[in-house]
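Overview (structure and organization)
So the chains spell out like this:
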Amino acid sequence: MLIIGIAGGSGSGKTTVVKKIINNFPGNSVAVLSQDSYYRDNSLLPLEERKKINFDHPNALEFDLLVEHLKDLRAGKTIQQPTYSYLTCTRQAETIPTEPKDVILVEGILILTHKALRELFDIKAFVLAADDERLMRIIERDMQERGRDAKEVMDRYKSTVKPMHQEFIEPSMQFADIIIPQGGKNKVAIEILSTVISNKLSYAK
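The following refers to the structure shown. Because the structure is a prediction, the values reported are computed rather than measured. Position numbers for residues count from 1 along each chain, tracking the sequence in the order it is written. At least 70 in pLDDT is required for a residue's local features to be given in this predicted model, at least 80 for side-chain atom pairs to be given and counted, and no such filter applies to totals for whole chains, interfaces and linings, which use all residues. Where side-chain values are given, they derive from all heavy atoms of the structure, hydrogens and water being excluded.

Let us look at the packing of aromatic side chains. To describe a pair of aromatic rings, one takes the distance between the centres and the angle between the planes. Only centres within 6.5 Å qualify two rings of Phe, Tyr or Trp (six-membered ring in Trp) as a pair; their planes then separate them into stacked at under 30 degrees, edge-to-face at over 60, and tilted for everything else. In the structure shown here, the tally under the stated rule is three aromatic pairs. Considering the side-chain rings of Tyr 39 and Tyr 84, the 5.6 Å spacing of their centres and the 50° angle between planes classify their relative orientation as tilted. On the criterion of sequence distance, the pair formed by Tyr 39 in the loop between strand S2 (30–34) and helix H2 (47–50) and Tyr 84 in strand S3 (residues 79–85) is long-range, its members being 45 residues apart. Each residue is placed in one exposure class: buried if its accessible area under a 1.4 Å probe, protein chains only, is under 20% of its type's maximum, exposed if it is over 50%, and partly exposed if it falls in between. Take Tyr 84: its relative accessible area is 14%, and that puts it in the buried class. Taken together, a centroid distance of 6.1 Å and an interplanar angle of 75° make the contact between Phe 55 and Tyr 84 edge-to-face. Of this pair, Phe 55 sits in the loop between H2 and helix H3 (63–74) while Tyr 84 sits in strand S3; the two residues are 29 residues apart in sequence, bridging distant segments of the chain. Grouping residues by exposure puts Phe 55 and Tyr 84 together as buried. Comment: elements are numbered from the N terminus, with helices defined as DSSP H or I runs of at least four residues and strands as E runs of at least two.

Put into structure tokens, the structure is as follows:
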């Protein structure tokens, strides 16, 4: 089993990179775990308080559960991956059964900030994109998928997204084995990473 961590700032194109990597391998050989599934359950808080949560701070995540799940997958066990709703800011009752695969991709903005999690990754990648490009993607995504208006998105970007990126996410790039500039547009970097994965899987067999 090969476990790859793919980090990068919010709106950097991580999801696109993950999708393009998956397309290079048979459907039954790759599983994906999203950091977003492991946000702490805040259902006991009023909705207005939940909306104020700083989702870009490491404390917002239940890293211990993600580490436990990765260890279970490596041990050959099926896990129940949580699901999380940004609309209600709560963990959902539904879970996603996730079986061990030849390749596990773990994607999220903060995954390289956590030492115990980093140590489980065989390959660590960081998707790099310009701040203005990330901001445009964040505005579009948050308005379409998370029920926020433009002012709310900009206020959140200024108060939490940008400062947390500078404090936690960007510095975690130092732990990456591979940097992927321009996100999903960087065909060469994605091909190189896919080749590395293929070579490691072939060698393991």
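This paragraph deals with the pairing of strand S5 (residues 103–107). Among the five residues in S5, five count as buried, and that is most of the element. Of the two faces of S5, the one lined by Val 103, Leu 105 and Glu 107 and the one lined by Ile 104 and Val 106 are each fully buried. Taken together, the five bridges between strand S1 (residues 2–8) and S5 define a ladder with parallel strand orientation. Across the sheet, residue Ile 4 finds its bridge partner in S5, namely Leu 105. Strand pairing is assigned whenever DSSP identifies at least 2 bridges connecting the two strands. As defined by bridge partners, S2 adjoins S5 across five bridges and the pair is classed as parallel. Among the inter-strand pairings, Val 30 is bridged to a residue of S5, identified as Val 103.

Glancing now at the sheet that holds S5. Strand order in the open sheet formed by five strands is S2-S5-S1-S6-S7, and the pairing between neighbours is parallel. Each edge of the sheet is formed by a strand with only one pairing partner; in this case those strands are S2 and strand S7 (178–181). Ignoring which end each strand starts from, the neighbouring axes of this sheet average 20° apart. In terms of strand pairing, strand S6 (residues 123–128) meets S7 through four bridges, oriented parallel. Residue pairing in the sheet places Leu 128 in a bridge with Pro 181 of S7. Contact criterion: two residues are considered in contact whenever any of their non-hydrogen atoms come within 4.5 Å of each other. A fitted line through C-alpha atoms serves as each axis, taken over the contacting stretch for helices, and the angle formed by two N-to-C directions is quoted from 0 to 180°. Each of S1, S2 and S5 touches H3; the most contacted strand, S5, lies at about 170° to it.

So, about the side chain of Ser 10. Here Ser 10 is to be found in the loop between S1 and helix H1 (14–22). In contact with Ser 10, not counting residues within four places along its chain, are Asp 56, Ile 109, Arg 134, Ile 138, Arg 141 and Val 161.

This part is about the packing of helix H5 (residues 131–145) against helix H6 (residues 150–169). At their nearest, the axes of H5 and H6 sit 10 Å apart, and the two run at 135° to each other. Relative to H6, the element H5 is oriented oblique. Of the two elements, H5 crosses H6, and the hand of that crossing is right-handed. Residues Asp 131, Arg 134, Leu 135, Ile 138, Ile 139, Asp 142 and Met 143 of H5 form the contact with H6, whose own contacting residues are Ala 150, Val 153, Met 154, Tyr 157, Val 161 and His 165. Under this grouping Gly is polar, as are all residues other than the nonpolar Ala, Val, Leu, Ile, Met, Phe, Trp, Tyr, Cys and Pro and the charged Asp, Glu, Lys and Arg. Its residues placed into classes, the contact of H5 with H6 shows nine nonpolar, one polar and three charged. Between 65 and 115 degrees an angle is taken as roughly perpendicular, under 35 as roughly parallel, over 145 as roughly antiparallel, and anywhere else as oblique. Note: crossing handedness is left-handed where the near helix turns anticlockwise from the far helix by less than a right angle, and right-handed where it turns clockwise.

For H6, spanning 20 residues, the distance from its first C-alpha to its last is only 23 Å, which falls clearly below the expected 28 Å at 1.5 Å a residue. In this analysis the local bend is the angle between axes fitted, respectively, to the seven residues ending at and the seven residues starting at the residue. At Tyr 157, H6 shows its largest bend, some 50°. Where H6 is buried, its residues contact S1, S6 and H5. Residue count minus one, scaled by 1.5 Å, sets the expected span of a helix.

A few words on the nonpolar core. The tendency in soluble globular proteins is for nonpolar side chains to be buried as a group. Core analysis: the biggest nonpolar cluster contains 34 residues, and Leu 33, Tyr 39, Leu 70, Ile 104, Val 106, Leu 117 and Phe 121 have the highest contact counts within it. Residue assignment for this core shows that the elements contributing at least two residues are S1, S2, H3, S3, S5 and H6. Among the elements that make up this core, the one with the highest residue count is H3 (six residues). Not counting the four nearest positions on each side in its chain, Tyr 39 is found in contact with Phe 55, Ala 60, Leu 61, Tyr 84, Tyr 86, Arg 91 and Ile 109. To form a nonpolar core, buried Ala, Val, Leu, Ile, Met, Phe, Trp, Tyr and Cys residues must be joined to one another through side-chain atoms within 4.5 Å.

Keep in mind that these numbers describe shape and distance, not what the molecule does.
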